[in-house]
Amino acid sequence: MKEEYMRRLIAEAKRYLPEWLYRQLHATALPLAGADARWAEPQLSPFEKMALAEMRPEMLRKVPDSELRIAWLRLNQWYKAAKRRRQAVEEFVNAAVWVIQEMERRGMEVSEDNELASEAAKLSKEVLKAVTRGTPLRYFGSINPLWSKLSPLFPEHDTFVMPACGPAEFFFLKDPVETEVLGDINDEPIELFKIIRSLSDADIEALSKRNWTAKKELWKQLYDDVRNQRFGDKSDKLYKHLYVMHWGEYTSDAGGRKFMGLHEGKVWVGVESKLRFARDRLRNVKEFRVSDFEETIKKYDSPSTFFFLDPPWVGRDWWYPSSKISGDFDWDRLLELAKSIKGKLMVIAGDGRNAYRVAKKFGNVRGFTLPVPGAYAVSYTHLTLPTN
């Protein structure tokens, strides 16, 4: 067959076939074209890397069907090529999650036998679980990275109490027990938890349809509403607080926040499932308390009670938004209380040498490494932890 004929055939195929189909034919024929062509796998040019970064929900919704098919085709090619070279494939799997979701939204079929689709499905389940089970509130920092290290050390208990709960991260990760109590001297998280517990299915559905895209001007507007207590109904109050928390970060000013510019244009995914899970989980709480930690511990102390505290870290009080907890947390008072209780107590002291010195006063100390920084988990008497 003459070379001129093949060139003409290719030219006509490009002219009459949809681009996605032409690319699929080309990708299928490439490995059969000879030894040299077997290694001519698609490489990511700077332009293609930029295109990969743009495969996000807000951008994919704007492209026509033909370009969406091309995006799926290219992802499969890049994924297979990276696997053959034993290179990282995470970025292709991440992008595949978004592309598949958009294809399914448009009624396009994705083969269940496709390896990339299978990996994307696994990732989606993991992300959904993480997105759903976490706390809906967001304050400074997170102790979630400590969950896998601390939770195996939890003692058996019938009553679980968080006297300084904040966003109550561990509460939403652990399994329920017979009696559960959330308390904090700051009334904001307690009030928001009460609102979440009272939500109906219709309330949650309506909230999920509100604007959850990170926009600086919208954030500033809602932050001003939060600071000046301008709310409609309970759902409006919850929406404004959650939006400001999720897309903002704390400053060194007491209770100050600012918009996180690096998130501009991103969408908070999974709001509806997170609120449903949080509502159902909070319905097991016996009491919400706005009170000092000592009052809560004394009320619920018993041999079957497990107290978990994540109070303001040693030397880090400026992280926390409420003027009610400004100044140093009273670690000496907590230590004296811990000596007299019947239950079991575990507390996160913080990071650095000062936190370690405070933690040592409790007796048993175990250090754990957070991504940034380190943290010390301390316990008293009734929990046996190895001493460093």
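Residues numbered from 1 in each chain as written. Predicted model: local features only at pLDDT ≥ 70, side-chain atom pairs only at ≥ 80, totals over all residues. Heavy atoms only, no water.

**Re the overall build of the chain**
Logical step 1: Along its length, the chain carries 18 helices and nine strands.
Logical step 2: Relative to its full complement of 388 residues, the chain shows a buried share of 46%.
Logical step 3: Across the chain, every contact between residues at least 6 apart in sequence was considered, and the portion connecting residues at least 24 apart equals 69%.
Logical step 4: Carbon and sulfur atoms form 51% of the exposed surface of the chain, whose accessible area is close to 20,900 Å². (Helix = DSSP H or I, 4+ residues; strand = E, 2+ residues; numbered from the N terminus. Buried < 20%, exposed > 50% of the residue type's maximum accessible area, 1.4 Å probe, protein only. Contact = heavy atoms within 4.5 Å. Areas by Shrake-Rupley, 256 points an atom, 1.4 Å probe, with all protein chains shown as cover.)

**Brief notes about the packing of aromatic side chains**
Logical step 1: All chains considered together, the criterion is met by 15 aromatic pairs.
Logical step 2: Centroid distance Phe172 to Phe193: 5.8 Å. Interplanar angle 50°. Geometry classified as tilted. Separated by 21 residues along the polypeptide, Phe172 in helix H10 (residues 169–173) and Phe193 in helix H11 (residues 187–198) bring together distant segments of the chain. Each of the two residues, Phe172 as well as Phe193, counts as buried.
Logical step 3: Taken together, Trp147, Phe154, Phe160, Phe170, Phe306 and Phe308 form an aromatic cluster joined through their ring pairs. (Phe/Tyr/Trp six-rings, centres within 6.5 Å; stacked < 30°, edge-to-face > 60°.)

**Quick notes on unusual backbone geometry**
Logical step 1: In the Ramachandran plot, Arg86 falls in the positive-phi region, its phi being about 60° despite a non-glycine side chain.
Logical step 2: Inspection of the secondary structure assignment puts Arg86 in the loop between helix H6 (65–84) and helix H7 (90–105).
Logical step 3: Backbone geometry places Ala168, a non-glycine residue, at a positive phi of 55°.
Logical step 4: Here Ala168 is to be found in the loop between strand S1 (159–162) and H10.
Logical step 5: Given a relative accessible area of 0%, Ala168 falls into the buried group.

**Some details on H7**
Logical step 1: Here H7 contains 16 residues, and its C-alpha end-to-end distance of 23 Å stays within 8% of the 22 Å for a straight helix at 1.5 Å per residue.
Logical step 2: When H7 is considered as a whole, its buried residues turn out to be Phe92, Val93, Ala95, Ala96, Val97, Val99, Ile100, Glu102 and Met103.
Logical step 3: Downstream of H7 by one or two residues, Gly107 has phi in the positive range, about 85°. (Expected span 1.5 Å × (residues − 1).)

**Side note on the nonpolar core**
Logical step 1: In terms of nonpolar packing, the biggest core is built from 53 residues, with Phe171, Leu182, Phe193, Leu282 and Phe308 touching the most fellow members.
Logical step 2: If you tally residues by element for this core, the top one is helix H14 (residues 234–247), at seven residues.
Logical step 3: In terms of nonpolar packing, the next biggest core, distinct from the first, is built from 24 residues, Leu75, Tyr79, Val93 and Ile100 among them. (Core = buried A, V, L, I, M, F, W, Y, C linked by side-chain atoms within 4.5 Å.)

**Looking at the packing of helix H16 (residues 293–300) against helix H17 (residues 331–340)**
Logical step 1: At their nearest, the axes of H16 and H17 sit 11 Å apart, and the two run at 10° to each other. Here H16 is positioned roughly parallel relative to H17, judged by the angle of their axes. Contacts between H16 and H17 pair Phe293, Glu294, Ile297 and Lys298 from the former with Arg333, Leu334 and Leu337 from the latter.
Logical step 2: Taken together, the residues that form the contact of H16 with H17 break down as four nonpolar, no polar and three charged. (Axes fitted to C-alpha atoms, helices over the stretch in contact; angles between N-to-C directions. Parallel < 35°, antiparallel > 145°, perpendicular 65-115°, else oblique. Nonpolar A, V, L, I, M, F, W, Y, C, P; charged D, E, K, R; others polar.)

**Details of the confidence of the model for the chain**
Logical step 1: Confidence along the chain averages 81 in pLDDT terms, with 77% of residues attaining 70 or more.
Logical step 2: Of all secondary-structure elements in the chain, the lowest mean pLDDT belongs to helix H3 (residues 35–38), at 44, while S1 reaches the highest, 98.
Logical step 3: Below pLDDT 50 for its whole length, residues 34–42 participates in eleven contacts with residues either more than four positions away or in separate chains.
Logical step 4: This stretch, residues 322–327, has a pLDDT under 50; its non-local contacts, to residues over four places away or in other chains, come to eight contacts. (pLDDT = per-residue confidence, 0-100.)

**Overview of helix H13 (residues 216–227)**
For the α-helix, the turn length of 3.6 residues means that residues three or four positions removed from each other point alike.
Logical step 1: Look at H13: 16 Å from first C-alpha to last across twelve residues, which is about the 16 Å you get at 1.5 Å a residue.
Logical step 2: For H13, the set of buried residues is Leu218, Trp219, Leu222, Tyr223, Asp225 and Val226. Down the axis of H13, the smallest arc covering the buried residues is 155°, so these residues share one side. Pointing more than 90 degrees away from the buried face of H13 are the exposed residues Glu217 and Arg227.
Logical step 3: Once H13 ends, the next one or two residues include Gln229, with phi positive near 55°. (Arc of directions from axis to C-beta.)

**Some details on the pairing of strand S2 (residues 179–184)**
Logical step 1: Of all six residues in S2, six are buried, a share of seventy percent or more.
Logical step 2: By the alternation rule, side chains of S2 split into Thr179, Val181 and Gly183 and Glu180, Leu182 and Asp184, which are all buried.
Logical step 3: The sheet contact formed by S1 and S2 spans four bridges and is parallel. Its bridge partner lying in S2, Thr159 is registered against Thr179.
Logical step 4: Sheet topology places S2 next to strand S5 (residues 285–290); five bridges connect them, and they run parallel. Bridge pairing in S5 places Glu180 opposite Val285. (Pairing = 2+ DSSP bridges.)

**What about the pattern of salt bridges?**
Logical step 1: One pass over the full model with this rule turns up 28 salt bridges.
Logical step 2: In this structure, Asp65 and Arg106 form a salt bridge, with 2.7 Å as the shortest nitrogen-oxygen distance. Residue Asp65 is located in helix H6, and its partner Arg106 is located in the loop between H7 and helix H8 (115–133); the two are separated by 41 residues in the primary sequence. (Salt bridge = Lys/Arg side-chain N within 4 Å of Asp/Glu carboxyl O.)

**Describing the side chain of Asn186**
Logical step 1: Assignment of secondary structure puts Asn186 in the loop between S2 and H11.
Logical step 2: Within the structure, the side chain of Asn186 is placed 3.2 Å from the backbone nitrogen of Glu188, a separation counted as a polar contact. (Polar contact = N/O pair within 3.5 Å; in protein donor to acceptor, adjacent residues only side chain to side chain.)

**Some details on the environment of Glu188**
Logical step 1: As for its placement among the helices and strands, Glu188 is situated in helix H11.
Logical step 2: Note on Glu188: relative accessible area 16%, which makes it buried.
Logical step 3: Once the C-alpha coordinates of Glu188 and Val290 are considered, the two residues, 102 residues apart in sequence, prove to be 9.1 Å apart.
Logical step 4: Dropping the residues within four chain positions of it, Glu188 is found in contact with Tyr139, His241, Met245 and Arg257.

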